[in-house]
Amino acid sequence: QVQLVESGGGLVQAGESLKLSCKVSGMNNFDNADMAWYRRAPGKQRALIASISRAGRTNYAQSVEGRFTITRDNAERTVYLEMSSLKLDDTAIYYCNQPYGRYLYSWGQGTQVTVSS
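Throughout what follows, the structure given in this document is the object of discussion. Note that the coordinates shown come from a computational prediction; the quantities given were computed from them, not determined experimentally. (Residues numbered from 1 in each chain as written. Predicted model: local features only at pLDDT ≥ 70, side-chain atom pairs only at ≥ 80, totals over all residues. Heavy atoms only, no water.)

### Considerations on the pattern of salt bridges
Point 1. Enumeration according to the criterion identifies four salt bridges in this entry.
Point 2. Across the pair arginine 102 and aspartate 34 runs a salt bridge, and its minimum N-O distance is 2.7 Å. Here arginine 102, found in the loop between strand E9 (92-97) and strand E10 (111-116), pairs with aspartate 34, found in the loop between strand E3 (18-25) and strand E4 (35-40); they are 68 residues apart in sequence, far enough to count as distant.
Point 3. Counted as one network, the salt bridges with shared partners bring together Arg39, Arg67 and Asp90. (Salt bridge = Lys/Arg side-chain N within 4 Å of Asp/Glu carboxyl O. Helix = DSSP H or I, 4+ residues; strand = E, 2+ residues; numbered from the N terminus.)

### Here's the deal with the state of the cysteines
Point 1. Per the stated rule, a full pass over the model turns up one disulfide.
Point 2. Sulfur-sulfur distance for the disulfide between cysteine 22 and cysteine 96 comes to 1.7 Å. With the S-S bond torsion at 45°, the cross-link from cysteine 22 to cysteine 96 turns out right-handed. In this pair, cysteine 22 sits in strand E3 while cysteine 96 sits in strand E9, placing the two residues 74 residues apart along the sequence. (Disulfide = S-S within 2.5 Å.)

### Here we look at the sheet that holds E4
Point 1. Read across the open sheet, the six strands follow the order E2-E10-E9-E4-E5-E6; overall the sheet is mixed. Bordering the open sheet on either side are strand E2 (10-13) and strand E6 (58-60), each of which pairs with just one other strand. This sheet shows a mean twist of 25° between the axes of neighbouring strands, independent of strand direction.
Point 2. Sheet topology places E4 next to strand E5 (residues 47-52); five bridges connect them, and they run antiparallel. By the bridge assignment, tryptophan 37 is partnered in E5 with alanine 50. (Pairing = 2+ DSSP bridges. Axes fitted to C-alpha atoms, helices over the stretch in contact; angles between N-to-C directions.)

### Here we look at the pairing of E9
Point 1. Counted residue by residue, E9 has five buried out of six residues, so it is predominantly covered.
Point 2. Both E4 and E9 contribute to a ladder of five bridges, which runs antiparallel. In the strand pairing of E9, alanine 36 is matched with asparagine 97.
Point 3. Pairing analysis gives three bridges linking E9 to E10, with the strands arranged antiparallel. From the neighbouring strand, alanine 92 faces E10, where its bridge partner is valine 113. (Buried < 20%, exposed > 50% of the residue type's maximum accessible area, 1.4 Å probe, protein only.)

### A word on the packing of aromatic side chains
Point 1. By the definition in use, this model includes four aromatic pairs.
Point 2. Measuring from centroid to centroid gives 5.0 Å for tyrosine 103 and tyrosine 105, while their planes differ by 75°, and the two rings are edge-to-face.
Point 3. Using a relative accessible area of 18% as the deciding quantity, one classes tyrosine 105 as buried.
Point 4. The side chain of lysine 19 reaches across the aromatic face of tyrosine 80, ending 4.5 Å from its centre. (Phe/Tyr/Trp six-rings, centres within 6.5 Å; stacked < 30°, edge-to-face > 60°. Lys NZ or Arg CZ within 6 Å of the ring centre and 35° of its normal.)

Structure below.
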């Protein structure tokens, strides 16, 4: 059974940075899996914001392009999201999973990111 455990969230001020981690367990083929970060802002649907292919190609939503960086460590079976220049609109619960179009595993608890002014 695949488990996704997100961590690293917290309360930060606008303009600051955070690095989120997503530890994946139970996935035998992590090296060959595309992975992604999503977020669900208050009152909004969960949205994909960044993805990384098994080959390391990355894609970002326009809202985070240039501020967020997704990386992966296959040896650690972990996906990271480095967030900088955080804005109030980045306040959300952040989740990881495979990208839409791939099989979606059961969602983890997510990690809360709150950006204050």
